[in-house]
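Per-entry structural report
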Amino acid sequence: MVDDATALPHDAVLLAGGRASRLGGVDKTALVTGGTTLFDHALAAADGATHVVVVGLRHGRAAPDHVIRAREDPPFAGPVAALDAGLGALPGSAPFTLVLACDLVRPQQAAAALLAAPERHAPHDGLIAVDQAGRRQPLLALYRTAALRDALDRLRATSGTLEDLSMRRLLAALDLVEVVLPSVLCADIDSAEDADRLLD
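Residues numbered from 1 in each chain as written. Predicted model: local features only at pLDDT ≥ 70, side-chain atom pairs only at ≥ 80, totals over all residues. Heavy atoms only, no water.

1. Focus on the pattern of salt bridges
Convention followed: Any Lys or Arg side-chain nitrogen located within 4 Å of an Asp or Glu carboxyl oxygen qualifies as a salt bridge. When a residue's accessible area, from a 1.4 Å probe over protein chains only, is under 20% of the maximum for its type it is buried; when over 50% it is exposed; and in between it is partly exposed. In this text, helices come from DSSP runs of H or I with a minimum length of four residues, and strands from runs of E with a minimum of two, each type numbered from the N-terminal end.
This structure, assessed with the given rule, holds seven salt bridges. The closest approach of N and O atoms between Glu72 and Arg71, which form a salt bridge, is 3.8 Å. Relative accessible area serves as the criterion here: at 32%, Arg71 is assigned to the partly exposed category. When the shortest N-O distance is used, the salt bridge between Arg156 and Asp84 registers 2.6 Å. On the criterion of sequence distance, the pair formed by Arg156 in helix 4 (residues 145-159) and Asp84 in helix 2 (residues 79-89) is long-range, its members being 72 residues apart. Classification of Asp84 by relative accessible area gives partly exposed; the value is 23%. Through salt bridges with shared partners, a single network forms among Asp84, Asp153 and Arg156.

Below, the structure is given as structure tokens:
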């Protein structure tokens, strides 16, 4: 649990979907590092959230009782649609929403760094992790919930659908503070090479 008295009240949306085509379709959330699945690492990273939603967890996979399950429509419709489904499943609306992909290797340290960043109280639309090569990580971010909902609504209105839209397009209208993190904290599993290199 986040026990810092200055921690931001937040919900968490964990994105567990995706076809994992570069990994032969395996369930990436079931991959193990440090004796724990990537899904369980993501859950631990969200431990301080008021509510936790996991979107796209595969059939047959269990989640703790407190975790709300959701599914983008249609399945595998991409991260924007999944994020919309996750926000829609939240029973309330905390001021911030922590968004994490469930294939991150070290989400606990990464989420803790975002939640403790000095910029978290600045009047922006949220914080987004950036690795040391300058790459933004839209699925490792802490968004102002109202701003994120508004961006989704605007994108839906202009596009007619959220299916297969890019996170870059969604976030173009948001004023986000970039928080540079060590690249190792931003690392995720996209390929067999990543798995060989990053998992122990």
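Read on, since the account is not over.
2. What to know about the side chain of Thr97
For clarity, the cut-off: Polar contact is the term for a pair of N or O atoms within 3.5 Å; when the atoms are in protein, one must be able to donate a hydrogen and the other to accept it, and sequence-neighboring residues count only if both atoms are side-chain atoms. In what follows, a contact means two residues having at least one pair of non-hydrogen atoms within 4.5 Å.
Topologically, Thr97 is positioned in strand 6 (residues 96-101). On the basis of relative accessible area, Thr97 is assigned to the buried category, the value being 0%. Of note is the side chain of Thr97, whose polar atom sits 2.8 Å from the side chain of Thr145. When near neighbours in sequence (up to four residues on either side) are disregarded, Thr97 contacts Asp11, Val13, Leu87, Ala141, Leu142, Tyr143 and Thr145.

3. Here's the deal with the sheet that holds strand 6
What counts is decided by this rule: Any two strands with at least two DSSP bridges between them are considered paired. Between N-to-C directions, angles span 0 to 180 degrees; the directions come from axes that are lines fitted to C-alpha atoms, helices contributing only their stretch in contact.
Strand order in the open sheet made by the seven strands is 5-4-1-6-8-7-9, with mixed pairing throughout. Of all strands in the sheet, those with a lone pairing partner are strand 5 (67-70) and strand 9 (176-180), marking the two edges. Averaged over all neighbouring strand pairs, the angle between strand axes comes to 25°, with direction disregarded. The pairing of strand 7 (residues 126-130) with strand 8 (residues 136-144) spans five bridges and is classified as antiparallel. Within the sheet, the bridge partner assigned to Ile128 lies in strand 8 and is Ala141. Contacts from helix 2 reach strand 1 (10-15), strand 4 (52-55), strand 5, strand 6 and strand 8, with the element oriented near 140° to strand 1.

4. Thoughts on unusual backbone geometry
Here Asp73 and Pro74 are connected by a cis peptide whose omega angle stands at 0°. The residue Pro74 is located in the loop between strand 5 and helix 2 in this model. For Phe76, which is not glycine, the phi torsion reads 60° and is therefore positive. Looking at Phe76, the relative accessible area reads 33%, which means it is partly exposed. Not every positive phi belongs to a glycine, and Asp164 is a case in point at roughly 60°.

5. A short note on the environment of Pro91
Mapped onto the fold, Pro91 is located in the loop between helix 2 and strand 6. Between the alpha carbons of Pro91 and Val53 there is a distance of 9.8 Å; along the sequence they are 38 residues apart. Excluding anything up to four places from it in sequence, Pro91 contacts His51 and Ile68.

6. Digging into helix 2
Every buried residue of helix 2 is listed here: Val80, Ala81, Ala82, Leu83, Ala85, Gly86 and Leu87. Considering only its buried residues, helix 2 is in contact with strand 1, strand 4, strand 5, strand 6, helix 4 and helix 5 (167-171).

7. Quick notes on the environment of Phe96
Looking at where Phe96 falls in the secondary structure, it is placed in strand 6. Residue class for Phe96 comes out buried when judged on its relative accessible area of 6%. Along the backbone, Phe96 and Tyr143 are 47 residues apart, and their C-alpha atoms lie at a distance of 5.5 Å. If we ignore the near neighbours within four places in the chain, the residues touching Phe96 are Leu8, Pro9, His10, Asp11, Arg120, Leu142, Tyr143, Arg144 and Thr145.

8. Observations regarding the nonpolar core
Defined as follows: Nonpolar core, defined: a set of buried Ala, Val, Leu, Ile, Met, Phe, Trp, Tyr and Cys residues in which side-chain atoms within 4.5 Å join the residues together.
In terms of nonpolar packing, the biggest core is built from 34 residues, with Leu14, Val52 and Leu140 touching the most fellow members. Apart from residues no more than four positions distant in its own chain, Leu14 is found in contact with Ala42, Leu43, Ala46, Val52, Val53, Val54, Val55, Leu100 and Cys102. Residues Val53, Ala82, Leu155 and Leu165 belong to the second largest nonpolar core, which totals 29 residues.

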